[in-house]
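Each chain is listed here by its residues.
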Amino acid sequence: QTTMIREAGSEIVLAARNNLRSLADRGVDELRDKAIFNVDSSKIRALEFHGPDRALRFIRSDAEEDFVADEDVTIEQYNPSTLRSRALTLARLRAIGFANEDADPNELGLDPPRARVVMELEGGERHELAIGGEESRGIYVQRVGEPPVYVLPKATAERMMPDREQLESERTEGSQGSD
C-alpha cells in the first residue's frame, strides 16, 4: 500500500511505500519509548533487592564471574544463573505502558515503594527502580527520582522482588545437592 505525503506549503508530492496511516492511528502510549533501563549487562557489578523484610545484595568483579552474596547476606545454595537472568532482564527492562502523568505516586504505591531494586555498574554508577502498586495491566514502577511512571508485566515485576526462599528454591535440575 502507498501513502502520498506532501510538506505543508510545497507542491511536491511524494509516494511512501508503506501505509503510514497506521502510525498516525496509534495512541500516544504506543509511540512512547518504553525502555526503563538500557545498559550493558556485562557492566553490572552489584544487584540489590530491597523490601519490607529483606535486603539482599549480590556482587561480582567482572562479567565472567557469577554473582555471589555480599558479606552481609546469608543465603543457602542459590542458583547463580537466576541472578544472571535477573541482571539481563533489568539491564534491558521494558514497560508495557505508562501511568497517567498526573497520578499521585502515593496512590500508585510508589511513595513509599513496596520494593526497590538497585543495579550498580562498574565505575559506581547506580540505577534504582521503585516497585509500587498493582493495576489491571501490571505493576507500577519508576526509576527513582525520574518521571515517568511505567507499568511492567506482573511476572517481570515480581521477579525483581525475590526473597531468600525464592532464590534458594530456584535451583536448576542437576544443581540439587546429594543427600
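Residues numbered from 1 in each chain as written. Predicted model: local features only at pLDDT ≥ 70, side-chain atom pairs only at ≥ 80, totals over all residues. Heavy atoms only, no water.

Engineer: Would you mind showing me how to read the packing of aromatic side chains here?
Structural biologist: Given two aromatic rings, one states the distance between the centres and the angle between the planes to describe the pair. If you walk through the whole model with that rule in mind, you get three aromatic pairs. With a centroid separation of 5.5 Å and 40° between ring planes, the pair formed by F98 and Y150 is classed as tilted. Of this pair, F98 sits in strand β6 (residues 97-98) while Y150 sits in strand β10 (residues 150-152), and the two are 52 residues apart along the sequence. Here F98 falls in the buried class, since its relative accessible area comes to 4%. Cluster of aromatic residues (ring-pair linked, three or more members): F49, F58 and Y78. Between R32 and the ring centre of F98, over which it is positioned, the NZ or CZ distance is 3.7 Å. (Phe/Tyr/Trp six-rings, centres within 6.5 Å; stacked < 30°, edge-to-face > 60°. Helix = DSSP H or I, 4+ residues; strand = E, 2+ residues; numbered from the N terminus. Buried < 20%, exposed > 50% of the residue type's maximum accessible area, 1.4 Å probe, protein only. Lys NZ or Arg CZ within 6 Å of the ring centre and 35° of its normal.)

Engineer: How should I be thinking about the side chain of E48 in this particular structure?
Structural biologist: Relative to the assigned elements, E48 resides in strand β3 (residues 44-51). A distance of 2.8 Å separates polar atoms of two side chains, one belonging to E48 and the other to H50. Excluding residues within four positions of it along the chain, E48 makes contact with L56, R57, R116, V117, V118, E120 and R126. (Polar contact = N/O pair within 3.5 Å; in protein donor to acceptor, adjacent residues only side chain to side chain. Contact = heavy atoms within 4.5 Å.)

Engineer: What exactly am I supposed to notice about the nonpolar core here?
Structural biologist: The nonpolar side chains of a soluble globular protein tend to be buried with one another. By size, the foremost hydrophobic cluster in this structure holds 33 residues, and its most contacted members are I36, I44, F58, L90, L129 and I131. With residues near it in sequence (within four places) discarded, L90 still touches F37, L47, V117, M119, L129 and M160. Core analysis: the second largest hydrophobic core is formed by seven residues, A99, A130, Y140 and V151 among them. (Core = buried A, V, L, I, M, F, W, Y, C linked by side-chain atoms within 4.5 Å.)

Engineer: Any chance you could explain the sheet that holds strand β4 (residues 54-59) here in plain terms?
Structural biologist: Where strands meet in a sheet, backbone hydrogen bonds hold them as pairs that are either parallel or antiparallel. With antiparallel pairing, the eight strands of this open sheet are ordered in space as β5-β4-β3-β7-β8-β9-β10-β6. With one partner strand each, in any of the chains shown, β5 (68-69) and β6 form the two edges of the open sheet. Relative to β10, strand β9 (residues 138-143) runs antiparallel, the two being bridged by three bridges. By the bridge assignment, V141 is partnered in β10 with Y150. Running at roughly 95° to β3, helix α3 (residues 80-91) makes contact with β3, β4, β7 (115-121) and β8 (126-135) of the sheet. (Pairing = 2+ DSSP bridges. Axes fitted to C-alpha atoms, helices over the stretch in contact; angles between N-to-C directions.)

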